[in-house]
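# Examination of the molecular architecture
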Amino acid sequence: MKISLKHSLITLFIAVPLVAEISITTLSDWDINDFDENTLLIAKTSDTSQAWKSILAFHVSRPHCVSTQPIIMVRSKSSSYSNGDIVLAEMKVDKDKPQFLKLEQEFGFEDDGEYVHWLKLLKFPSFANAKRVEIKFKGQTPLKSFAVNTDGIRKAQYVAEQVCNSPVPIQTVGGFEKI
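The paragraphs below set out a description of the structure included in this document. (Residues numbered from 1 in each chain as written. Predicted model: local features only at pLDDT ≥ 70, side-chain atom pairs only at ≥ 80, totals over all residues. Heavy atoms only, no water.)

### Considerations on the state of the cysteines
Note the threshold: Pairs of cysteine sulfur atoms within 2.5 Å are identified as disulfides in what follows. Comment: elements are numbered from the N terminus, with helices defined as DSSP H or I runs of at least four residues and strands as E runs of at least two.
Under the criterion given, the structure shown has 1 disulfide. A sulfur-sulfur distance of 2.1 Å marks the disulfide that ties Cys-65 to Cys-164. Judged by the torsion about the S-S bond (-70 degrees), the Cys-65/Cys-164 disulfide is left-handed. Here Cys-65 is found in the loop between β4 (55-61) and β5 (67-76), whereas its partner Cys-164 is found in helix α2 (residues 153-165), with 99 residues between them in sequence.

### Notes on the nonpolar core
To keep things clear, this is the line we draw: Working definition of a nonpolar core: buried Ala, Val, Leu, Ile, Met, Phe, Trp, Tyr and Cys residues. They are joined through side-chain atoms within 4.5 Å. Each residue is assigned to one of three classes by its accessible area relative to the maximum for its type, calculated with a 1.4 Å probe on protein chains only: buried under 20%, partly exposed between the two thresholds, exposed over 50%. Residues count as neighbours in contact if any of their non-hydrogen atoms are within 4.5 Å of one another.
Leu-40, Ile-42, Ile-72, Leu-103, Phe-127 and Phe-137 are the most contacted members of the largest nonpolar core, which has 35 residues in total. Contact partners of Ile-72, with chain neighbours within four places excluded, come to Ile-55, Leu-56, Leu-103, His-117, Trp-118, Leu-119, Leu-121, Ile-135, Phe-137 and Phe-146. The next biggest cluster of nonpolar side chains, apart from the first, holds 8 residues, and it includes Ile-55, Ala-57, Ile-71 and Met-73.

### Observations regarding the environment of Glu-161
Within the secondary structure, Glu-161 is located in helix α2. As for Glu-161 and Ser-61, which are separated by 100 residues in sequence, their C-alpha atoms are 8.5 Å apart. Residues contacting Glu-161, with those up to four places away along its chain left out, are Val-60, Cys-65, Val-66 and Ser-67.

### Concerning the sheet that holds strand β10 (residues 146-149)
Put simply, the rule reads: Following DSSP output, two strands are said to pair if at least two bridges run between them. Convention adopted: a line fitted to C-alpha atoms gives each axis, helices being fitted over their contacting stretch, and angles between N-to-C directions are expressed from 0 to 180 degrees.
With respect to topology, 10 strands assemble into an open sheet ordered β1-β2-β3-β4-β5-β8-β7-β6-β9-β10, the strand pairing being antiparallel. Edge positions in the sheet fall to β1 (23-25) and β10, since each of these pairs with one other strand and no more. Across the sheet, the mean angle separating the axes of adjacent strands is 30 degrees when strand polarity is ignored. Its contacts with the sheet place α2 against β1, β2 (31-36), β3 (39-45), β4 and β5, and it is angled at close to 30 degrees to β4.

### Considering the layout of surface pockets
The method is simple in principle: a probe with the dimensions of a water molecule rolls over the atoms, and the space it marks as empty is what remains. For clarity, the cut-off: Both site types are read off a 1 Å grid over the protein atoms alone. A 1.4 Å probe that fits but cannot get out defines a cavity, while an open set with protein on both sides within 12 Å along at least five of seven lines defines a pocket; lining residues have an atom within 4 Å of a point. Grid points are joined across faces, edges and corners, and a volume is the space filled by probe spheres set on the points.
Approximately 170 Å³ is the volume found for the largest pocket. Phe-58, Ser-67, Thr-68, Gln-69, Pro-70, Phe-124, Ser-126, Phe-127, Ala-128, Ile-153 and Gln-157 together form the lining of the largest pocket. Secondary structure elements with two or more residues in the lining of the largest pocket: β5 and α2. Among the elements that make up the lining of the largest pocket, the one with the highest residue count is β5 (4 residues).

### Some points on the pattern of salt bridges
Quick note on the threshold: In the sections that follow, a salt bridge refers to a side-chain nitrogen of Lys or Arg positioned within 4 Å of a carboxyl oxygen of Asp or Glu.
One pass over the full model with this rule turns up 9 salt bridges. One salt bridge connects Lys-77 with Glu-114, and the closest N-O pair in it is separated by 3.9 Å. Placement of the pair is Lys-77 in the loop between β5 and β6 (86-93) and Glu-114 in strand β8 (residues 114-123), with a sequence separation of 37 residues. The residue Lys-120 makes a salt bridge to Glu-104 at a minimum N-O spacing of 4.0 Å. Linking Lys-120 in strand β8 with Glu-104 in strand β7 (residues 99-111), this pair joins segments that are 16 residues apart in sequence. A relative accessible area of 22% means that Glu-104 is categorised as partly exposed.

### A word on unusual backbone geometry
Following Arg-62, the chain continues to Pro-63 via a peptide bond in cis, the omega torsion being 15 degrees. Along the chain, the position of Pro-63 falls in the loop between β4 and β5. Of note, Cys-65 is a non-glycine position whose phi angle comes to about 55 degrees, a positive value. A positive phi is found at Gln-69, a non-glycine position, where the angle reads about 50 degrees.

### Remarks on the packing of aromatic side chains
Counted only if it meets this: Here a Phe, Tyr or Trp ring, Trp counted by its six-membered ring, pairs with any other such ring whose centre lies within 6.5 Å, and the pair is stacked when the planes are under 30 degrees apart, edge-to-face when over 60, and tilted otherwise.
Across all of its chains, the model carries 5 aromatic pairs by this definition. Both rings, one in Phe-124 and one in Phe-127, keep their centres 6.0 Å apart while their planes meet at 55 degrees; by these two values the pair is tilted. Its relative accessible area of 6% is what places Phe-127 among the buried residues. Here the aromatic cluster, defined as three or more aromatic residues joined through ring pairs, consists of Phe-35, Phe-107, Phe-109 and Trp-118.

What follows is the structure, given as structure tokens:
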């Protein structure tokens, strides 16, 4: 049985594992990354020097591809909260007066000698058009207050929603796909 070069190349392309990884950094320093096979995580790191590892983020998920589920990640010296715990704080958007912020710890993990809290925003003021967002925790809270320069958030939303609506896989998990 004689196999042609053309047939061999076609067979090779069919069996190639697809590696879809989305990792985009916008000109205003927003990171757009694959979170799972249907979700993008759009995040920006704090510009506060003492809390530079804190982030403000949100999701864009298929099938609707709308910006939703804002979260923050903030570090502390201990795992002072359990999953499901409610944390109260204030959020200041641009130069507006600080407003009530209600957070829920979804999960936490240890990283580099610190505990990282993944907190979902339950009640918060709109920051869709913000230039700067400040998260202020009460003094008795072990979490550090931080600020994020949110300039470019609308463009980051637009880019993420366009990627989400495209036919490109957000993340392919260990499979093979025919080309």
